[in-house]
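# Structural overview
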Amino acid sequence: MTADSPNHKIQQLQRLVEVNHILSSTLEFPKLLEALADTASELTRSETASILLYDARKNELRFEAIPGKPSTSINTLSVPLDSSAAGWVFQNNKPIVIQDASDDPRIFREIDSALSFTTRSLIAVPLQVKQKTIGVLEAVNKKNNSHYTEDDISILENLGCQAAIAIENARLVEQLRMANSELMRHTKVKSDFIAIASHELRTPLGLILGHASFLKDYIPSQHQEQIDVIIRSAMRLKTIIEDLSTIAHKEQGQSRIRRTPFSISEMVATTATQFQKQAASKKIELGYDVPDEDLLLEGDKEKIQIILTNLIRNAITFTDPGGQIGIKAEKDSGYLKVYVVDTGIGIPEEEQNRIFERFYQVESHLTRKHGGMGLGLSIAKAMVELHNGQIWVESKVGMGSLFCFMLPANQQQAEAAARIFRTS
Ligand code: ADP
């Protein structure tokens, strides 16, 4: 079969189609480049081929792949843009054919000596993506001392087009992989910090609180205010540390729930009563509504108390004087639903999903009027999820917000819920 026989051309085209498949399925960079160089030498019936990519930092073309040569052995080889055939192709963005390379000044001889090789003939095409040249694909030494043809140029150009896109995709995937692993590293640092800080702050804070409470009984009345400030601030720190440890435990998969039956109606009534004074001091009306029948829930009472407390505390924080807050509990098939509704500032629609993320606050931390660390809702969500329940918000800016959490009423219902959420 001669080089320009119809059968040979069909074979070349088939090979190009095959290569296209390989290119679209291989994202591993070195393998991809080696496959490309291999195909270039096969299709142009050359002794070897190579891929050179532009290194912007050094302004030169670096060898990335030569069939049969490990990438580590060629990555140190590069050619200058001004005195090499590949450099000419790169700068002019045009193919080149050198039929007799023996005395051609465009050949950069240092590569031949480094590879113990003699370049006799060469064909090279630019690799271009989105009108930007990223490198050069070249084939060297046409077999049987024959000449490169127009067909060789067009087949190499064709391969070059596919190669450039595949290289760019592989580079993007590589960048994404690196960004992802960097992100994971940051997430781990953040999680470790939360875990260590919450653990290490606990003991000294316990000592401050213990000693301050002890001193309160001995300090003269004119200094009681100062000691109260110390105790109040330490209690605030204690809440923050507890929030951080809750997050740390959840992240480390250490959070467990102990289901015991208790009355959610009673919890709603007591918690609402506890917050009544705080609401009244802000001139907010706070009421609750529970049905006559006692609503029993099998769940972790302490954790469910955290959910309810965080929602009511937020409702008071984000409602202006003169506003109203309502808390309601009800039964819905095998679930119990608790609503906390306020007539406060509301939450913009685009923020409504994000507020359940850790450390997320609608206003930036520096400009906001209210305290808090953006943890209350993420903790509430974590507690709800531990019970296989759901939590959501409906809100309109300037009108108010409705937060609702829905929990399976008992263990059996929780298992059913877990199955539903797993399959949906
Ligand atoms: P924080 O402790 O900082 O308030 P949360 O996780 O409890 O953190 O809440 C996150 C953010 O969601 C709040 O900073 C606030 O911007 C918004 N938010 C929460 N509850 C309400 C509410 N009832 N009304 C308006 N905005 C709210």
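Placed above this text is the structure.
Residues numbered from 1 in each chain as written. Predicted model: local features only at pLDDT ≥ 70, side-chain atom pairs only at ≥ 80, totals over all residues. Heavy atoms only, no water.

## Regarding the nonpolar core
The biggest cluster of nonpolar side chains holds 47 residues, and the ones touching the most others in it are Ile-264, Leu-286, Ile-304, Leu-308, Ile-327 and Phe-405. Taken together, domain 2 (183-251) and domain 3 (260-423) each give at least three residues to this core, which thus spans both. Discounting residues that sit within four places of it in the chain, Ile-327 has contacts with Val-268, Ala-272, Leu-286, Gly-287, Tyr-288, Asp-289, Leu-308, Ile-312, Val-338, Tyr-339 and Val-340. By size, the runner-up hydrophobic cluster in this structure holds 29 residues, among which are Ala-49, Val-125, Ile-134 and Ala-170. (Core = buried A, V, L, I, M, F, W, Y, C linked by side-chain atoms within 4.5 Å. Buried < 20%, exposed > 50% of the residue type's maximum accessible area, 1.4 Å probe, protein only. Domains from an automatic or database assignment. Contact = heavy atoms within 4.5 Å.)

## A closer look at the pattern of salt bridges
Applying the stated criterion across every chain yields a total of 17 salt bridges. Note that Asp-152 is salt-bridged to Lys-142, the shortest N-O span being 2.8 Å. Residue Asp-152 is found in helix 6 (residues 150-216), and its partner Lys-142 is found in strand 6 (residues 132-142); the two are separated by ten residues along the sequence. The residues Asp-152 and Lys-142 share a single accessibility class, namely buried. The partner of Asp-300 in a salt bridge is Lys-303, and the shortest N-O contact between them spans 3.6 Å. (Salt bridge = Lys/Arg side-chain N within 4 Å of Asp/Glu carboxyl O. Helix = DSSP H or I, 4+ residues; strand = E, 2+ residues; numbered from the N terminus.)

## Some thoughts on the packing of helix 7 (residues 224-251) against helix 10 (residues 376-386)
Running from N to C, helix 7 and helix 10 point in directions that differ by 40 degrees, and their axes come no closer than 10 Å. Between helix 7 and helix 10, the angle is such that the two are oblique. In this structure, helix 7 crosses over helix 10, and the sense of that crossing is left-handed. Judged by residue contacts, Asp-243, Thr-246, Ile-247 and Lys-250 of helix 7 engage Ser-378, Ile-379, Ala-382, Met-383, Glu-385 and Leu-386 from helix 10. In terms of residue class, the contact of helix 7 with helix 10 is built from five nonpolar, two polar and three charged. (Axes fitted to C-alpha atoms, helices over the stretch in contact; angles between N-to-C directions. Parallel < 35°, antiparallel > 145°, perpendicular 65-115°, else oblique. Left-handed = near helix turned anticlockwise from the far one by under 90°. Nonpolar A, V, L, I, M, F, W, Y, C, P; charged D, E, K, R; others polar.)

## Description of a negative patch on the surface
Negative charge collects at one region of the surface, where Glu-266, Asp-292, Glu-293 and Asp-294 lie side by side. If you trace the backbone, Asp-294 turns up in the loop between strand 8 (285-289) and strand 9 (296-299). Residue classification places Asp-294 among the partly exposed residues on the basis of a relative accessible area of 46%. (Patch = residues over 30% accessible without salt bridge, like charges linked within 9 Å, V, L, I, M, F, W, Y side chains within 5 Å. Areas by Shrake-Rupley, 256 points an atom, 1.4 Å probe, with all protein chains shown as cover. Lys, Arg positive; Asp, Glu negative; His and termini not counted. Charge placed at Lys NZ, Arg CZ, Asp CG, Glu CD.)

## Here we look at the packing of aromatic side chains
In this structure the tally under the stated criterion is three aromatic pairs. Between the aromatic rings of Phe-356 and Phe-403, the centroid separation amounts to 6.3 Å while the plane-to-plane angle is 65 degrees, which identifies the pairing as edge-to-face. Taken together, the positions of Phe-356 in the loop between strand 11 (335-342) and helix 10 and Phe-403 in strand 13 (residues 400-408) put the pair 47 residues apart, joining distant regions of the chain. Just as Phe-356 is buried, Phe-403 falls in that class too. (Phe/Tyr/Trp six-rings, centres within 6.5 Å; stacked < 30°, edge-to-face > 60°.)

## Quick word on helix 2 (residues 29-43)
In this model helix 2 runs 21 Å from its N-terminal to its C-terminal C-alpha over 15 residues, within 8% of the 21 Å that 1.5 Å per residue would give. All buried positions along helix 2 are accounted for by Leu-32, Leu-33, Leu-36, Ala-37, Thr-39, Ala-40, Ser-41 and Leu-43. Phi turns positive one or two residues past the end of helix 2, at Arg-45, with a value near 50 degrees. (Expected span 1.5 Å × (residues − 1).)

These figures come from the coordinates and say nothing about function on their own.
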